[in-house]
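Reading the structure
Residues per chain, in single letters:
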Amino acid sequence: MKRRKLSNPLALAVMVTLWQKPMHPYEIAQTLRSQGKDSSTKINYGSLYTVVQNLEKHGFVEVTDVQRQGNRPERTVYGLTEAGREESTEWMSDLLAVPAKEFPIFESALSFLGVMHPDEVVRLLEQRLKTLEVEVASGRGALEKLYESVPRLFLVEIEYQLHMVEAQAEWVRGFVEEIRKGSLPGVDGWRRFHETGELPPEFT
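Presented here is an overview of the structure given in this document. Every value quoted in this text rests on a predicted model; they were computed, and no experiment measured them.

It is worth spelling out the side chain of threonine 17 at this point. Relative to the helices and strands, threonine 17 resides in helix α1 (residues 9-18). There is a polar contact of 2.7 Å between the side chain of threonine 17 and the backbone oxygen of alanine 13. Those residues in contact with threonine 17 that sit more than four places away from it in its chain are Met23, Ile28, Thr31 and Leu32.

Here we take up the nonpolar core. Side chains that are nonpolar tend, in soluble globular proteins, to be buried together. Within the largest apolar cluster, 22 residues are counted, with the highest numbers of intra-cluster contacts made by Leu10, Val14, Leu18, Ile28, Leu48 and Leu55. The element best represented in this core is α1, accounting for 7 residues. When residues no more than four places from it in sequence are discounted, the contact partners of leucine 10 are Leu32, Thr41, Lys42, Ile43, Asn44, Ser47, Leu48 and Val51. Residues Phe106, Val121, Leu129 and Leu184 belong to the second largest nonpolar core, which totals 17 residues.

This paragraph deals with the packing of helix α2 (residues 25-34) against helix α3 (residues 45-57). A pair of packed helices can be characterised by two numbers: the angle between their axes and the separation between those axes. Their axes nearest at 10 Å, the elements α2 and α3 cross at an angle of 120°. Judged on the interaxial angle alone, α3 and α2 are oblique. In this structure, the crossing between α2 and α3 has a hand that is right-handed. Facing α2, whose interface residues are Pro25, Tyr26, Ile28, Ala29 and Arg33, α3 presents Tyr45, Leu48, Tyr49 and Val52.

Tallied over the full model, the rule gives 1 aromatic pair. Summarising the aromatic geometry, the rings of tryptophan 171 and phenylalanine 175 are spaced 4.8 Å apart at their centres and angled 10° between planes, so their arrangement reads as stacked. Of this pair, tryptophan 171 and phenylalanine 175 are both found in helix α7 (residues 156-181), 4 residues apart, which corresponds to roughly one turn of the helix. Residue classification places phenylalanine 175 among the buried positions, given a relative accessible area of 10%.

Here we take up α3. One turn of the α-helix equals 3.6 residues, which is why residues spaced by three or four share an orientation. Here α3 spans 19 Å end to end across 13 residues, near enough to the 18 Å set by a 1.5 Å rise per residue. Among the residues of α3, Leu48, Val51, Val52 and Leu55 are the ones counted as buried. The arc enclosing the buried residues of α3, seen along the axis, measures out at 100°, which places them on a common side. Exposed positions of α3 whose direction lies more than 90 degrees from the buried face are Gly46 and Lys57. The inward-facing, buried residues of α3 abut α1, α2, β1 (61-67) and β2 (75-80). For α3, the side-chain oxygen to backbone nitrogen distance between the N-cap and glycine 46 is 2.9 Å, and the N-cap itself is asparagine 44.

What follows concerns the pattern of salt bridges. One pass over the full model with this rule turns up 15 salt bridges. Of the charged contacts, one joins arginine 4 and glutamate 87 as a salt bridge, the two residues approaching to 2.8 Å between their closest N and O atoms. Residue arginine 4 is found in the segment before α1, and its partner glutamate 87 is found in helix α4 (residues 82-97); the two are separated by 83 residues along the sequence. For arginine 4, a relative accessible area of 12% puts it in the buried group. Of the residues examined, glutamate 87 reaches a relative accessible area of 9% and is grouped as buried. Among the salt bridges present, the one from glutamate 90 reaches arginine 4, with a minimum N-O distance of 3.5 Å. Pair noted here: glutamate 90 is in helix α4 and arginine 4 is in the segment before α1, with a separation of 86 residues, a long-range link. With relative accessibility at 36%, the residue glutamate 90 sits in the partly exposed group. Residues participating in the shared-partner salt-bridge network are Arg4, Glu87, Glu90 and Asp94.

What counts as what
- Residues numbered from 1 in each chain as written.
- Predicted model: local features only at pLDDT ≥ 70, side-chain atom pairs only at ≥ 80, totals over all residues.
- Heavy atoms only, no water.
- Helix = DSSP H or I, 4+ residues; strand = E, 2+ residues; numbered from the N terminus.
- Polar contact = N/O pair within 3.5 Å; in protein donor to acceptor, adjacent residues only side chain to side chain.
- Contact = heavy atoms within 4.5 Å.
- Core = buried A, V, L, I, M, F, W, Y, C linked by side-chain atoms within 4.5 Å.
- Buried < 20%, exposed > 50% of the residue type's maximum accessible area, 1.4 Å probe, protein only.
- Axes fitted to C-alpha atoms, helices over the stretch in contact; angles between N-to-C directions.
- Parallel < 35°, antiparallel > 145°, perpendicular 65-115°, else oblique.
- Left-handed = near helix turned anticlockwise from the far one by under 90°.
- Phe/Tyr/Trp six-rings, centres within 6.5 Å; stacked < 30°, edge-to-face > 60°.
- Expected span 1.5 Å × (residues − 1).
- Arc of directions from axis to C-beta.
- Salt bridge = Lys/Arg side-chain N within 4 Å of Asp/Glu carboxyl O.

This is the structure:
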């Protein structure tokens, strides 16, 4: 994947939003939120101004207007440059075509699972599973409601998020069952380690 001058996902979100029309930073933030993009991109109003300035510095956006209404502070309106259009489409192409390794915190926790007693892991994962199931149910309801007024094209990231939650819930459910039944390879040694303090030979 190409190394980009700016790698903050918020920079991409700003450029894509400016494809719609020139906007001032506050309007960009409001548009992202109103279109539900804050569910997939972290939008910090304070850092958004810095992102816009960096985009301008690299020639991806430019000032198109300075608005003043009464005694309110001036609002600088930014538009996307041709370089910004090229950068955003190239960036999107990379993101869609090339899988990138991400590091979710849940994966980190799973990699250190052995430090917990199997029974405690079951209890905690069951707690997680209940939360995931509620999230899936509420997410499904909200998505069905959104389908009534928003074209599916603009909801695909929410669909993807929901499918990922469902997949995680399915995996957690199966993993908990393996620990419970004792069919998970190594679970007996894992349990003995926590009950006797002796590290099984297969773990060394």
